[in-house]
Amino acid sequence: MSWFKKKDKAEKAQKANEDKNPEQEAPEVKAEEPAAQPEEAAPAEEDAPPASSRQEAGFGAKLKDKLAKTRDVLNTPIEDFFITKTELTEDSLEELEETLITADMGVNTVMDLMEPITEKVNKKQITNSKELRAALTDAMLDLIKPVHENKELPNKKPLVIMVVGVNGVGKTTTIGKLAANFKKQGKKVMLVAGDTFRAAAVEQLEIWAQRTGVQIVRHRDNSDPAAVAYDGVAAAEARGMDVVIIDTAGRLHTQVNLMEELKKIRRSCHKSLPGSPHETWLVIDANTGQNAVSQAKLFHEAIGVTGMVLTKVDGTAKGGIVVSICHDMDVPIRYIGLGEKAEDLREFEAREFIKALF
Amino acid sequence: MFESLSDRLGSVFKKLKGQGKLSEKNIQDGLKEVRLALLEADVHYKVVKTLIAAIKERAVGQEVLESLTPGQQVVKIVNEELTNLMGGANEEINLSGGHPASIMLVGLQGSGKTTTAGKLAVYLRGQGRKPYLVPVDVYRPAAIEQLTKIGKELSIPVYPSDTETKPEKIAELARIKCAQEGCDTMILDTAGRLHIDDELMAELGRIKATTPPSDILLVADAMTGQDAVNMAKAFNDAMDVGGVILTKMDGDARGGAALSIRSITGKPIKFIGTGEKSNAFEAFHPNRMASRILGMGDVMTLIEKAQDAVDVKKAAELEKKLRKSQFTLEDFKDQMVQVRKMGSLEDILSMIPGMGKSKHLKQLKGSDKEMIKIEAIINSMTLEERRNHSIINGSRRKRIAKGSGTTVTDVNQLLKNYTQVMKMMKKINKGGMKKMGRMLGL
Ligand SMILES: Nc1nc2c(ncn2[C@@H]2O[C@H](COP(=O)(O)OP(=O)(O)OP(=O)(O)O)[C@@H](O)[C@H]2O)c(=O)[nH]1
Ligand SMILES: Nc1nc2c(ncn2[C@@H]2O[C@H](COP(=O)(O)OP(=O)(O)OP(=O)(O)O)[C@@H](O)[C@H]2O)c(=O)[nH]1
Ligand SMILES: [Mg+2]
Ligand SMILES: [Mg+2]
């Protein structure tokens, strides 16, 4: 690129750079045009997976179970420290700090949390590990509990949920799980294959639609995701669906043109059904460290996030970073993902989650 | 978002300038800042602890160099320690032994294995090898289709796996087919799995036993947090990996996981992934990574280059202006002059990780001839115009063009680019790569 190239050339080059979004300048889907006939997979009700034997076990139980496994592997006595009512020392506070930092809570959040607690320890207002644990739990609950109060999903029909996030965090899988979950509540669900970019992303969502026995709207590979969103929402309305879940291609929050694409998908939904999407959920991988803050911030700035889903909590990563994100952005965590199967989704429970952090 | 380490150290060490030796006492606050910076970059808690001890040992007793501030000097030590930790060792892929040779990609779910398989195939083809893609992920929905599509797009043969066959069996059959297809290097794309999933970890062992691979690469996400150590340790213990590929480096993650993984496994990071496309694949540079973790771009190289070229005070002023967006055309010209002392703008920009590919930077690239042109145009402006470009109307543009021996179009283009740079600066300041300002300011 040269400083002195003519404008049109510059723009052409710029366009060529926008690899994923060749149709950005294409006119938007017009409301008066009849929606293109979407290809769809017939609902396959009988394919619904059998209820897992583990389904009855509560979220906490499963978390505990996974954590126990984690502890075995790591051989770190995370909880041992709290079991006995030992007297507190400098070391115990440092150990606690380490536990919180290694849970990806973020060093600033940890310092903010530890400061008043350390003071209480110094003043002998907290004298043993049990009190210490209680104080910390309360402080963390104060951060995230209010965010989760009165956060029922809006009563819309169809309820349109758009799912976004960086690459590989588990968006498509989460959508499969959500479909199973809503269906179990007796709702009619439609999935929209809005990732037209990644190889076999549509096929992946199609398999989830089959597995869970819900409908899907798809277009060809590399077609405009805004157009498929438009058609999906329109089709869902026409067929009396209760919930529409739109999958989107993974994208890094720093990719300006791809964030613009998300805005366009939103506008397209709104044209199809004014007020939609009603919910925009950001999926965060529990393995993510401090970068999750930047992800949340930039997705929120671009399209307004109304909920989060934390995935891969079945591993050894804790996903502690969501505590500060949730508090700072005032956005609730809706669900957590605990595996790769349709039933591995749980509603978020603040206390259980915090308990698993330290 | 993050304040860079050298900024922080700058204020911590202000009083130290010209005080002779670095001592345990006078670097204490500085080391605290180093610790914070590393933790914010997701370097594991314990790794940070070890590093700080090493840095302390090296720093204490050193003379404060005349040419550097104490802060810069500590940054330099930290940077060198990190670089040493991540560098060295064998960075090439091991293709020895086995006919055909085979590379096995392993890692957590969604880390980028399948995408990397395609990238690696393209890379190896460029080296004159004949790669053969083998999908052994029989679990994830449409995983085989994904790799098949990638192979088709890249014109690289793919073994026709199916989900009914066991992964180790696929590996065995693909081996025969690979030779029949006239290929010499298999790339095995395994399913993502948790390192605590004993059953699936055992499966990796069986695939390894039947193949057996020339190299096993752990594919890890650059955004990974503290748990990188547990994941990497478990995969390495189970598989004895030959190296690591760090993906999704095109974002703004500081990438401390690189340090954690390297220090827990001792295995080299061989490549980085910098995008979703098959060519977004680069060799790993320990020095760039070190600076990135510290949030400074390739700052050491720049500090070194800048030492002889740049008046440090002037650079600091420029940086401040950039941040406040008070960067005038006059500053722009000053900066051009400084930059020309250091080499081409393109070179300098390419040192900044993640920025080399930005389309904005491509627009910034200019030959020296163009720089001279720019200088001439700015020279023909009045001081007032240089300080406030918005007053430069049509007639002023004509005058400037005439004065500099250029055309009005040239002047227009320069003004346009200048405003674009300003916009970009705002974005970068917001996005956390503040250091960019310093880079251009130097
Ligand atoms: N262990 C575990 N794996 C998960 C979970 N959620 C998703 N995964 C796995 O993570 C990988 C990536 O999931 P996807 O749903 O394809 O992720 P995505 O965000 O749609 O990815 P892109 O569309 O490529 O950006 C797959 O192997 C999933 O099976 C979870 O809660 N636990
Ligand atoms: N921005 C960016 N995205 C990447 C990079 N490498 C992979 N991806 C994306 O990350 C997502 C996951 O990549 P996959 O290759 O499917 O990951 P995987 O490890 O094979 O996933 P599983 O097989 O489910 O475990 C996809 O959306 C890829 O396009 C990279 O270097 N940069
Ligand atoms: Mg997806
Ligand atoms: Mg894969």
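What you are looking at is a predicted structure, and each value in this text was computed from that prediction instead of being measured.

1. A short note on the site of ligand 1
Item 1. Neighbouring ligand 1 are 23 residues; Lys171(A), Thr172(A), Thr173(A), Arg198(A) and Glu340(A) lie closest to it.
Item 2. Site remark: ligand 1 is flanked by residues from chains A and B.
Item 3. Contact distances for ligand 1 include 2.8 Å between an oxygen atom and a side-chain N or O atom of Arg198(A).
Item 4. For ligand 1, a nitrogen atom lies 3.4 Å from a polar atom in the side chain of Gln109(B).
Item 5. Out of a free accessible area of 660 Å², ligand 1 has 96% covered by protein chains.
Item 6. With four residues, helix α7 (residues 171–184) of chain A is the single largest residue contributor to the shell around ligand 1.
Item 7. For the shell around ligand 1, the class distribution of residues is three nonpolar, 12 polar and eight charged.

2. Considering the sheet that holds strand β5 (residues 279–285) of chain A
All names here are of chain A.
Item 1. With mixed pairing, eight strands are arranged side by side in an open sheet as β3-β2-β4-β1-β5-β6-β7-β8. Either end of the sheet is taken by a strand with one partner, and the two such strands are β3 (215–217) and β8 (345–347). Averaged over all adjacent pairs, the angle separating strand axes in this sheet is 25 degrees, with direction ignored.
Item 2. Of the strand pairs in this sheet, strand β6 (residues 307–311) and strand β7 (residues 333–337) are connected by three bridges, and their pairing is parallel. Within β7, the position partnered with Val309 by the bridge is Tyr335.
Item 3. Of the strands in this sheet, β1 (159–164), β2 (189–194), β4 (243–248), β5, β6, β7 and β8 are in contact with α7, which crosses β4 at around 170 degrees.

3. Focus on the domain arrangement of chain A
All names here are of chain A.
Item 1. Looking at the assigned domains, one finds that chain A contains domain 1 (64–149) and domain 2 (159–357).
Item 2. Taking the mean C-alpha position of each, domain 1 and domain 2 sit 32 Å from one another.
Item 3. With 19 residues of domain 1 in contact, the opposing surface of domain 2 contributes 28 residues.
Item 4. At the junction of domain 1 and domain 2, the tally comes to zero salt bridges.

4. Focus on empty space enclosed by the protein
Item 1. With the rule as written, the count across this model stands at nine cavities of 30 Å³ or more.
Item 2. As a volume, the largest cavity reaches approximately 150 Å³.
Item 3. Forming the boundary of the largest cavity are 20 residues, of which Asp285(A), Asn287(A), Ser111(B), Asp221(B) and Thr224(B) lie nearest the centre.
Item 4. It is strand β4 (residues 215–221) of chain B that contributes the most residues to the lining of the largest cavity, three residues altogether.
Item 5. Of the residues belonging to the lining of the largest cavity, the class tally is seven nonpolar, nine polar and four charged.

5. Some words on the UniProt feature "domain: SRP54-type proteins GTP-binding" (unreviewed entry) in chain B
Item 1. Mapped onto this numbering, the UniProt entry annotates "domain: SRP54-type proteins GTP-binding" (unreviewed entry) at residues 268–281 of chain B.
Item 2. Counted over residues 268–281 of chain B, helix gives 0% and strand 43%. Its end C-alpha atoms are 16 Å apart.

6. Let's talk about the site of ligand 2
Item 1. Taken together, 24 residues form the shell around ligand 2, and within it Lys113(B), Thr114(B), Thr115(B), Arg140(B) and Glu276(B) come nearest.
Item 2. More than one chain reaches ligand 2: the nearby residues come from chains A and B.
Item 3. A distance of 3.2 Å is found between an oxygen atom of ligand 2 and a backbone nitrogen or oxygen belonging to Gly275(B).
Item 4. A total of 650 Å² of accessible area belongs to ligand 2 in isolation, and the protein chains cover 96% of it.
Item 5. Counting residues per element, the shell around ligand 2 draws most heavily on helix α5 (residues 113–126) of chain B, which supplies four residues.
Item 6. For the shell around ligand 2, a count of residues per class yields two nonpolar, 14 polar and eight charged.

7. Re the packing of helix α9 (residues 225–238) of chain A against helix α10 (residues 256–272) of chain A
All names here are of chain A.
Item 1. Running from N to C, α9 and α10 cross one another at 30 degrees; their axes reach a closest spacing of 8 Å. Judged by the angle between their axes, α9 and α10 are roughly parallel. Crossing geometry of α9 relative to α10 is assigned as right-handed. For the pair α9 and α10, contact is made by Pro225, Ala226, Ala227, Ala229, Tyr230, Val233, Ala234 and Glu237 and by Glu261, Lys264, Ile265, Ser268, Cys269, Lys271 and Ser272, respectively.

8. Here we look at the pairing of β1(A)
All names here are of chain A.
Item 1. Of all six residues that make up β1, six are buried, and the element is covered over most of its length.
Item 2. The side-chain alternation of β1 yields two buried faces, one formed by Leu159, Ile161 and Val163 and the other by Val160, Met162 and Val164.
Item 3. With five bridges joining them, β1 and β4 adopt parallel strand pairing. Residue pairing for β4: Met162 is matched across the bridge by Ile246.
Item 4. Pairing between β1 and β5: four bridges, direction parallel. Its bridge partner being in β5, Met162 is matched across the sheet by Thr280.

About the cut-offs
- Residues numbered from 1 in each chain as written.
- Chains lettered and ligands numbered in written order.
- Predicted model: local features only at pLDDT ≥ 70, side-chain atom pairs only at ≥ 80, totals over all residues.
- Heavy atoms only, no water.
- Near = heavy atom within 4 Å.
- Polar contact = N/O pair within 3.5 Å; in protein donor to acceptor, adjacent residues only side chain to side chain.
- Areas by Shrake-Rupley, 256 points an atom, 1.4 Å probe, with all protein chains shown as cover.
- Helix = DSSP H or I, 4+ residues; strand = E, 2+ residues; numbered from the N terminus.
- Nonpolar A, V, L, I, M, F, W, Y, C, P; charged D, E, K, R; others polar.
- Pairing = 2+ DSSP bridges.
- Axes fitted to C-alpha atoms, helices over the stretch in contact; angles between N-to-C directions.
- Contact = heavy atoms within 4.5 Å.
- Domains from an automatic or database assignment.
- Salt bridge = Lys/Arg side-chain N within 4 Å of Asp/Glu carboxyl O.
- 1 Å grid on protein atoms, 1.4 Å probe; cavity = no way out; pocket = protein on both sides within 12 Å on 5 of 7 lines; lining within 4 Å.
- Points joined across faces, edges and corners; volume = space filled by probe spheres on them.
- UniProt positions renumbered as here; feature names shortened; annotations may be inferred.
- Parallel < 35°, antiparallel > 145°, perpendicular 65-115°, else oblique.
- Left-handed = near helix turned anticlockwise from the far one by under 90°.
- Buried < 20%, exposed > 50% of the residue type's maximum accessible area, 1.4 Å probe, protein only.

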